[in-house]
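One letter stands for each residue in the lines below.
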Amino acid sequence: MSQKFNAARLEQLKTDAFENIDSYNDPDTPKALAAFTEQIKGVLQAAPDMLQSVPEYLPVALYGRVKFPGDAKLKWSQWLKTGNAPLWDEFKTTVAFNNADLPLVKTIRAYNESLLIEACAVLFMLSNETSSPVQRSQGSHDDGEGYEEDDDDYSDRRDQAADDYDGNDDEDEEGYDDQYDEITFKREGR
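Computed from a prediction, not measured in an experiment: that's the story for all the values here.

A. Quick look at the overall build of the protein. From N to C terminus, the protein includes eight helices and two strands. Going residue by residue from the N terminus, the α and β elements of the protein occur as α-α-α-β-α-α-β-α-α-α. Pairs at least 24 residues apart make up 75% of the contacts formed inside the protein by residues separated by at least 6 positions.

B. Representation of the side chain of Asn-98. Locating Asn-98 in the fold gives a position in the loop between strand S2 (96–97) and helix H6 (102–127). Here the side chain of Asn-98 touches Ala-100 through a polar contact of 2.9 Å, landing on its backbone nitrogen.

C. Geometry of the environment of Leu-123. Structurally, Leu-123 can be placed in helix H6. Take Leu-123: its relative accessible area is 6%, and that puts it in the buried class. When the C-alpha atoms of Leu-123 and Gly-64 are compared, they prove to be 8.3 Å apart, with 59 residues separating the residues in sequence. Apart from the residues within four sequence positions on either side, Leu-123 is in contact with Pro-59, Leu-62, Tyr-63, Val-66 and Phe-68.

D. Here's a closer look at the packing of helix H2 (residues 32–46) against H6. Close contact between H2 and H6 brings their axes to 9 Å; oriented N to C, the two are set at 40°. The interaxial crossing formed by H2 with H6 has left-handed handedness. In contact with Lys-41, Leu-44 and Gln-45 of H2, H6 contributes Pro-103, Leu-104, Thr-107 and Ile-108. Classifying every residue of the contact of H2 with H6 gives four nonpolar, two polar and one charged.

Conventions and cut-offs
- Residues numbered from 1 in each chain as written.
- Predicted model: local features only at pLDDT ≥ 70, side-chain atom pairs only at ≥ 80, totals over all residues.
- Heavy atoms only, no water.
- Helix = DSSP H or I, 4+ residues; strand = E, 2+ residues; numbered from the N terminus.
- Contact = heavy atoms within 4.5 Å.
- Polar contact = N/O pair within 3.5 Å; in protein donor to acceptor, adjacent residues only side chain to side chain.
- Buried < 20%, exposed > 50% of the residue type's maximum accessible area, 1.4 Å probe, protein only.
- Axes fitted to C-alpha atoms, helices over the stretch in contact; angles between N-to-C directions.
- Left-handed = near helix turned anticlockwise from the far one by under 90°.
- Nonpolar A, V, L, I, M, F, W, Y, C, P; charged D, E, K, R; others polar.

Set out below in structure tokens:
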């Protein structure tokens, strides 16, 4: 029998994760998000029980580093719509983790497999979100006025956070802070 997603918990995790991600999305420190997520990955790998008090840190740690293949998106949409969490054998074929993140993924799975699946559900929600989590919690926009602007603003901020996280080099920008230059990711090819 499959487990159920807690929709309210997923929404709260999505909001909390987005707020953490957005707070590190600063043009003055373009590598802050990457540095923060790297630090969080190390902490969670050493002490996965920390997720009991800050469960939003797992989606933050894996943000921008989990891919959902095209055919898997339909499955994720269905699982979230029905509230049924996938079993491990279903789950593992619908996500692609970055090789550098596999030690963390294995640690979290050994600690609590459900937390890993839940974090990926949050990441899927964040990557397919059309409105801000804050807007959704404030209620619907019945008249639709201003809604598209808000959607674009949220999408732009989310995309910018992902772009900054993906290692865009902004070294030529005025005020560039190079304190995080020593952190690299496998796909950066340095």
